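Structure assessment
Here's the letter readout for the chains.
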Amino acid sequence: MGIFNICGFETGDTSECASASGTYSIQSSVKRSGTYALRCNPTTTGTGYVYLATFSSQGIATTADVSTAYARFYFRYGTKPASGSENIYRVLGNASGQKFSLRLNSSGNLAAYDKNSTLLSTGSTVLSSGTWYRIEVKTGTGASAAWEVVLDGTSEISGTGDLRTANNGDFYFGKTPNLSSQSVDFYYDDIALSDSGYSGAGATAILLPDADGNYTSWTASSGNKYQCVDEVPPNSDTDYITSSTATQAYTAALTSAASAGIAGTVNAVKSLVVVRDTGGLSGLSARRRKGSTDDDTSDVSPGTSYMPLSKTYTDASLSDLDSMEVGVLNNNSAAVRCTFIALTVDYTPPTYTGTAALAPTHASLAATATFSPGTKTG
């Protein structure tokens, strides 16, 4: 399977999340790359978090089932616990409670805990306020399972512990549950979840509709079809495309990789559509078109509230992005709407050498690339 979910919060809301609760926001003031990042800033006994998992064949967020999970997320804090510690990351089993949690303590150290919230190990690095850190976490399965926490590419703490016999299922980012009744201010960006190994350095960007694609059967609520499904955040019924005829499809052509600041190696892409019924039992699918090949999720009837449908792919290269399309398929004679279409891209920017004047200025590249002194020739 490899990478099975990516999220940079570039939809401007929680459309990419399985769930969210407490005091949190998708905000644009403090971010590592792109336009948005997650902020969790509950006070005292409060909580604030989102959780990610994987997707069913229908494209619905659902609990994962992987024996060894690898999470990558970029983390920054404005306020750490004044005493004790609070979770910044937590993994639940697919059939039971906590498997593993990673906390930030009042000294600024990372600390790992097992299924019983028993301390496994505390890191030696003191994290500084206002600094983005790349944190990667491995969690195995079993009564003596391997785990590891990697900080900016270097192993910080590792070992074995009781991480339950249930596989990794749900991945929580933020303060949950309340542990020490401390106010915190945590930020997250550029998340990747995998079952095959660490994702390494990366950034997340979003490609939005900028033209109609290969399929155009759906009808716009007003104006151009592609402009009815490109708002960030998604705007529900303000504008949308609609269909009431079986087999009708719509796909959107997307903004270019270059305009989104994407360069280097593409690690994964994720299609995303936000859809709903307007009456009757529907059969909706999300479609990704790569070259001349369509790939659809299985049919689902989302009901009358808008629902995101997604699928993650690891088969795309940088050269594929500019011709890729995302859209929807109506497989039933029921009235349906789509208000948002996008492709999320996780990529590793190239390493540039040369003078600083040659460095790219796009924020998502500048945040991750390495620039070494040198002399331009040629």
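All figures in this text were calculated on a predicted structure; none of them were measured in a lab.

**Some thoughts on the overall build of the protein chain**
- Helix and strand content of the protein chain: two helices and 30 strands.
- For the protein chain, the C-alpha radius of gyration of 21 Å lies close to 21 Å, the compact-globule estimate for 378 residues.
- Across its three principal axes, the protein chain shows a C-alpha extent of roughly 60 × 60 × 35 Å.
- Among the 378 residues that make up the protein chain, the fraction classed as buried is 54%.
- Split by element, the accessible area of the protein chain, about 13600 Å² in all, is 44% carbon and sulfur.
- Here the protein chain holds 24 positive side-chain charges and 32 negative ones, and the gap between their average locations is 5 Å.

**Focus on the sheet that holds strand 24 (residues 284-290)**
- With respect to topology, five strands assemble into an open sheet ordered 19-22-27-24-25, the strand pairing being antiparallel. Each edge of the open sheet is held by one strand with a lone partner, namely strand 19 (209-216) and strand 25 (293-296). Ignoring which end each strand starts from, the neighbouring axes of this sheet average 25° apart.
- Two elements, strand 24 and strand 27 (residues 325-330), share six bridges in a ladder whose sense is antiparallel. In the sheet register, Leu 284 faces strand 27, and the bridge partner there is Asn 330.

**Concerning the pattern of salt bridges**
- The full count for this structure, using the stated rule, is 16 salt bridges.
- The partner of Arg 32 in a salt bridge is Asp 190, and the shortest N-O contact between them spans 2.5 Å. Pair noted here: Arg 32 is in the loop between strand 3 (24-27) and strand 4 (37-40) and Asp 190 is in strand 17 (residues 185-194), with a separation of 158 residues, a long-range link.
- The exposure class assigned to Arg 32 is buried, which follows from its relative accessible area of 8%.
- With a relative accessible area of 0%, Asp 190 lands in the buried category.

**Some remarks on the sheet that holds strand 10 (residues 98-105)**
- Ordered in space as 2-5-16-9-10-11-12, the seven strands form an open sheet in which the pairing is antiparallel. Edge strands, defined here as strands with exactly one partner in the open sheet, are strand 2 (19-22) and strand 12 (119-122). Between one strand axis and the next, the sheet turns through 20° on average, direction left out of account.
- Inspection of the sheet shows strand 10 paired to strand 11 (residues 110-113) by four bridges, in the antiparallel sense. Residue Arg 103 lies in a different strand from strand 11, and its bridge partner there is Ala 111.

**Quick word on the side chain of Asn 5**
- Mapped onto the secondary structure, Asn 5 falls in strand 1 (residues 3-7).
- In terms of polar contacts, Asn 5 uses its side chain to reach the backbone carbonyl oxygen of Ala 53, at 3.2 Å.
- In this view, Asn 5 contacts Leu 52, Ala 53, Phe 55, Ile 191, Ala 192, Leu 193, Lys 270 and Thr 312; residues no more than four positions away in its chain are not counted.

**What about unusual backbone geometry?**
- Going from Thr 176 to Pro 177, the amide bond is cis rather than trans, its omega being -10°.
- Mapped onto the fold, Pro 177 is located in the loop between strand 16 (168-175) and strand 17.
- Here the bond from Val 232 into Pro 233 is cis, since omega is -5°, no more than 30 degrees from zero.
- Mapped onto the secondary structure, Pro 233 falls in the loop between strand 20 (219-220) and strand 21 (241-243).
- At Asp 152, a residue that is not glycine, the phi angle is positive and equals roughly 50°.
- In this structure, Asp 152 sits in the loop between strand 14 (145-151) and strand 15 (154-161).
- The exposure class assigned to Asp 152 is partly exposed, which follows from its relative accessible area of 42%.
- One non-glycine residue with positive phi stands out, namely Ser 236, at about 55°.

**Notes on the environment of Gly 174**
- Its location among the elements puts Gly 174 in strand 16.
- Residues within four places of Gly 174 in sequence aside, it is in contact with Cys 40, Gly 48, Tyr 49, Asn 87, Ile 88, Tyr 89 and Tyr 188.

**Points about the packing of aromatic side chains**
- Taken as a whole, this structure holds twelve aromatic pairs when the rule is applied.
- Summarising the aromatic geometry, the rings of Tyr 70 and Tyr 198 are spaced 5.1 Å apart at their centres and angled 85° between planes, so their arrangement reads as edge-to-face. Here Tyr 198 lies in the loop between strand 17 and strand 18 (203-207) and Tyr 70 lies in strand 8 (residues 69-79), a separation of 128 residues in the sequence.
- Overall, Tyr 70 belongs to the buried group, its relative accessible area being 15%.
- Looking at Tyr 198, the relative accessible area reads 32%, which means it is partly exposed.
- Where Phe 100 meets Trp 147, the ring centres are 5.9 Å apart and the plane angle is 40°; that geometry is what we call tilted. Within this pair, whereas Phe 100 is found in strand 10, its partner Trp 147 is found in strand 14, the two being separated by 47 residues in sequence. Each of the two residues, Phe 100 as well as Trp 147, counts as buried.
- One aromatic cluster in this structure is built from Phe 73, Phe 75, Tyr 89, Phe 173, Phe 186 and Tyr 188.
- In this structure, Arg 276 is placed above the aromatic ring of Tyr 306, and the distance from its NZ or CZ to the ring centre is 5.4 Å.

What counts, and where the lines are drawn
Here the residue index of a chain counts from 1 through its sequence in written order. Only residues with pLDDT of 70 or above have their local features reported here, since the model is predicted, and side-chain atom pairs are shown and tallied only from 80 upward, although totals for entire chains, interfaces and linings are computed over all residues. The basis for every side-chain value is the complete set of heavy atoms in the structure, and neither hydrogens nor water enter the calculation. By the criteria applied, helices consist of DSSP H or I runs no shorter than four residues and strands consist of E runs no shorter than two, each listed in order from the N terminus. Our radius of gyration is a C-alpha quantity, and the globule rule it is checked against amounts to 2.2 Å times the number of residues to the power 0.38. Relative accessibility under 20% of the residue-type maximum defines a buried residue, over 50% an exposed one, and the middle range a partly exposed one, all with a 1.4 Å probe and only protein chains included. Each accessible area is a Shrake-Rupley result for a 1.4 Å probe, and residues are judged covered by the shown protein chains and nothing else. Two residue types count as positive, namely Lys and Arg, and two as negative, namely Asp and Glu; His and chain ends fall outside the count. We put the charge of a Lys on NZ, of an Arg on CZ, of an Asp on CG and of a Glu on CD. By definition, two strands form a pair when at least two bridges between them are found by DSSP. Lines fitted to C-alpha atoms define the axes, with helix axes restricted to the stretch in contact, and inter-axis angles between N-to-C directions lie between 0 and 180 degrees. Any Lys or Arg side-chain nitrogen located within 4 Å of an Asp or Glu carboxyl oxygen qualifies as a salt bridge. Polar contacts here mean pairs of N or O atoms no more than 3.5 Å apart (in protein, one a potential hydrogen donor and the other a potential acceptor; neighbouring residues in sequence count only if both atoms are side-chain atoms). Any two residues having at least one pair of non-hydrogen atoms within 4.5 Å are treated as being in contact. In summary, the pairing rule links any two rings of Phe, Tyr or Trp, Trp by its six-membered ring, whose centres are within 6.5 Å, and it sorts them by plane angle into stacked for under 30 degrees, edge-to-face for over 60 and tilted for everything else. Charges are assigned to positions over rings by a cutoff of 6 Å between ring centre and Lys NZ or Arg CZ, combined with an angular limit of 35 degrees from the ring normal.

Purely geometric numbers; function is a separate question.
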